Amino acid sequence: MSSDRLTWTLTGATVAGVLALYVPCAPRTVPGGDSGELMTAACELGVAHPPGYPLFTVISSLMLSLLPFSSPAHTINVLCAVFGAGASGALCFTVCRVSGPGPGAILASGLFAVSRLVWQWSIMVEVFSLNNLFVGALFSLSASFHCAESVNQKKKFALWGALCCGLSLCNQHTLILYVIVIIPWALLDLYFHNGLSFSDLVSLGTCFLAGFVPYIYLPISSYLNRARWSWGDQTSLSGLLKHLLRTEYGTFSLAKTEANVDLMKMLKAQWDHCVNDLSIPVQALAVLSVLLSLRNRGRCVFVWLILIMVSIYSVFFAWRANLDIEKPLLLGVVERFWLQADAGLCVLAGLGLSWSLCWLNRHLDWGVIWNTGAWILTAGLISHMISLNYRECDQSGNDVVDRFGREVVFSLPEGSLVLTRGDLPGNTLRYLHYCQGLRPDLSLVDQEMMTYGWYVEKLQKHLPRVNFPGRWWDPINSAEKKTFSIEEFLKHNMNRPVFMCIGLTEGDPSWERTFSRWPWGVCEQLVPVKTPFDPEKWSQRTLHLYNWSEAHDSFHLGSWERVANEEMWQARMKTAFFLFDLAEKMEREPQARLYELSYNLYCQIVDAQVDYPANWDKNLALAAERLLRSGGGSYGPDTLLSRSILHFTRYLQKEPTDTQSKAIRSAISHLRKERDRLRERQKV
């Protein structure tokens, strides 16, 4: 079999094999994070968050039209799996072009595909799998360009490469750090081979600019304004540039925060990821490829091209990744961007294995043994990584975030206005409402987006039952002309139930003058302060809002599933905590009544569980102690003292490092003495 034919055979087999692994693992429902928003943009043909991701949105929308028989979430999850399989195939092709088809190509593509992060982010709706595909395509075209035997062939691959560079920047802008290395390298190569005339420059520039054509989608979508949910106003040049440059997020940053970034700490975290997720043999083979390339100019040029791209990207990203990676959820946000560098490392590792095999075959006998050993090593590493990551990466049965959203949506009263805050409730409810058509009677308003000038203007026509008293909400300076406070917004929408999920954006306390917050599961209802509150009725109304059966503390620390599960568990206690807090502000009989009601709820909820959050014990202990001090209600002092001692003790066993542990131990000692005195008196 010819080398070219074997190259395409290995590439096709890689794509098919990875696809067969990915598709059954893809989730059937909406995942957490930005997935719900990206799916909503595709369903509605709106604009996603900056920089807009027009290519991903258009392709996803096309897939929804071609495959209407499945849920939008499953369809686009599978589409991302296809992108991921294509990315692995492209890495296989790259190694085949540079070093010839063999085990090195399978090692590079296989280990990349089944590494934890790549697998995880290739089977759910996110832009990273498409970005990986473009990384692979750029590597493949660069390899073909580098190995081309004639100037005309180089020109052909350069034109395709220019188009691919432009298209890649219609997805994720981090690829600019690869593009700015590839372009001057390719131009210099053409120049030294006398293949760079003025007309060639014009052709290359035209192809590069043609790649940006998908961005036309943004102003068109914004101008038509048919999407019930969309981000930004791109109908003007300034609005388009603001979106492309991520001004509202922070250009070249992950978040609009001024948090200091520890460059070395971030690079150390990335190195730990490479060692743990890609394995030490991959790092060793990557280093070997650099060493083996030093005596061969042809090899050296391509290896150092990859090495320079990966190095520049890693350092630049570590400098601009302004998130606190000590927090597991934020680490999960950051580590997704390491995939772009992982692709380069895997290619280098594949080249290292291929060239090592060539060296052994050239200098030592037993070529069959070396080839067989290389294939066994490749199969062993890939099999080991699959067995290591399969359980965590198989998301086919994961519907936690979807169920979270459904529980919240179906718990709300008819015709409610819902003020969402954060990715979990915002994106999940948005997907279920707009893509799945759940609860069309609800109106969803995003708190953060309501602070942007374009939000009310663009989306007001799609929210006819929502009254906006100004052009945007300014939490800091609501006295500004054309803006409004949250209090004014609530007053203009008092004709329907208003809920906030989860929490209210800080900085605007105006609502506190005329409104109260009543707990409603993970949400809270905003009601006028003069509305009479019946604690018994409200307790019964909110006691069984959700049918949630997930075990406590059962998901990975950095996952959205854990966040959703934690919110659901803490929601069970919200009414009890609210009543306790309300009692703290009252006196005498109303206070004792609320303490007892709070205590009853705490006991009912805690006694029904075996494993539960540690703060439940602390809250129940405090409720028992306060009820005791207010007279005890229908409970005897011995019962309340024992309850308080028991749950304070359990809390310290679960949280021994609590800053108040000394005070809690002192309280336990005091309560025990008080119970002993009580029992002594009862004996007499």
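Before reading further, recall that the structure is shown in the block above.
Residues numbered from 1 in each chain as written. Predicted model: local features only at pLDDT ≥ 70, side-chain atom pairs only at ≥ 80, totals over all residues. Heavy atoms only, no water.

## Looking at the side chain of Asp441
Okay, so step 1: By the secondary structure assignment, Asp441 is in the loop between helix 20 (423-435) and strand 2 (443-446).
Okay, so step 2: Taking relative accessible area as the criterion, Asp441 reaches 15% and is therefore assigned buried.
Okay, so step 3: A polar atom in the side chain of Asp441 sits 2.8 Å from the backbone nitrogen of Gly415.
Okay, so step 4: Non-local contacts of Asp441, meaning those with residues more than four positions away in its chain, are made with Pro413, Glu414, Gly415, Ser416, Arg465 and Arg496. (Helix = DSSP H or I, 4+ residues; strand = E, 2+ residues; numbered from the N terminus. Buried < 20%, exposed > 50% of the residue type's maximum accessible area, 1.4 Å probe, protein only. Polar contact = N/O pair within 3.5 Å; in protein donor to acceptor, adjacent residues only side chain to side chain. Contact = heavy atoms within 4.5 Å.)

## Description of the pairing of strand 1 (residues 417-420)
Okay, so step 1: Residues Leu417 and Leu419 of strand 1 are buried on one face, and the alternating residues Val418 and Thr420, pointing to the opposite face, are buried as well.
Okay, so step 2: Alignment of strand 1 against strand 2, held across 4 bridges, turns out to be parallel. Bridging across to strand 2, Leu419 finds its partner in Val445.
Okay, so step 3: The parallel pair strand 1 and strand 2 is bridged by helix 20, and the resulting crossover is right-handed.
Okay, so step 4: Taken together, the 4 bridges between strand 1 and strand 5 (residues 498-501) define a ladder with parallel strand orientation. Paired with Leu419 across the bridge in strand 5 is Met500. (Pairing = 2+ DSSP bridges. Right-handed = clockwise from strand over helix to strand, strands pointing away.)

## As for the pattern of salt bridges
Okay, so step 1: Enumeration according to the criterion identifies 30 salt bridges in this entry.
Okay, so step 2: Of the charged contacts, one joins Asp4 and Arg97 as a salt bridge, the two residues approaching to 3.8 Å between their closest N and O atoms. On the criterion of sequence distance, the pair formed by Asp4 in helix 1 (residues 3-22) and Arg97 in helix 4 (residues 72-99) is long-range, its members being 93 residues apart.
Okay, so step 3: Judged by relative accessible area, Asp4 falls into the partly exposed class, the value being 49%.
Okay, so step 4: The class of Arg97 is partly exposed, set by a relative accessible area of 28%.
Okay, so step 5: Two residues, Asp638 and Arg679, come together in a salt bridge whose shortest N-O distance is 2.8 Å. Taken together, the residues span a long stretch of sequence, with Asp638 in helix 28 (residues 637-654) and Arg679 in helix 29 (residues 661-683) at a distance of 41 residues.
Okay, so step 6: Via salt bridges that share partners, Glu584, Glu625, Arg626, Arg629 and Glu674 belong to a single interconnected network. (Salt bridge = Lys/Arg side-chain N within 4 Å of Asp/Glu carboxyl O.)

## Some thoughts on the packing of aromatic side chains
Given two aromatic rings, one states the distance between the centres and the angle between the planes to describe the pair.
Okay, so step 1: A full pass over the atoms with the stated rule returns 29 aromatic pairs.
Okay, so step 2: Geometrically, the ring pair formed by Phe317 and Phe337 is stacked, given 5.2 Å between the ring centres and 25° between the ring planes. Of the two residues, Phe317 sits in helix 15 (residues 297-320) while Phe337 sits in the loop between helix 16 (328-335) and helix 17 (339-363), which places them 20 residues apart along the sequence.
Okay, so step 3: With a centroid separation of 5.7 Å and an interplanar angle of 15°, the aromatic rings of Tyr612 and Trp616 are classed as stacked.
Okay, so step 4: Here the aromatic cluster, defined as three or more aromatic residues joined through ring pairs, consists of Trp121, Phe128, Phe139, Tyr178, Tyr313, Phe317 and Phe337.
Okay, so step 5: A cation over an aromatic ring shows up here: Arg403 above the ring of Trp548, its NZ or CZ 4.9 Å from the ring centre. (Phe/Tyr/Trp six-rings, centres within 6.5 Å; stacked < 30°, edge-to-face > 60°. Lys NZ or Arg CZ within 6 Å of the ring centre and 35° of its normal.)

That is the geometry; function is a separate question.
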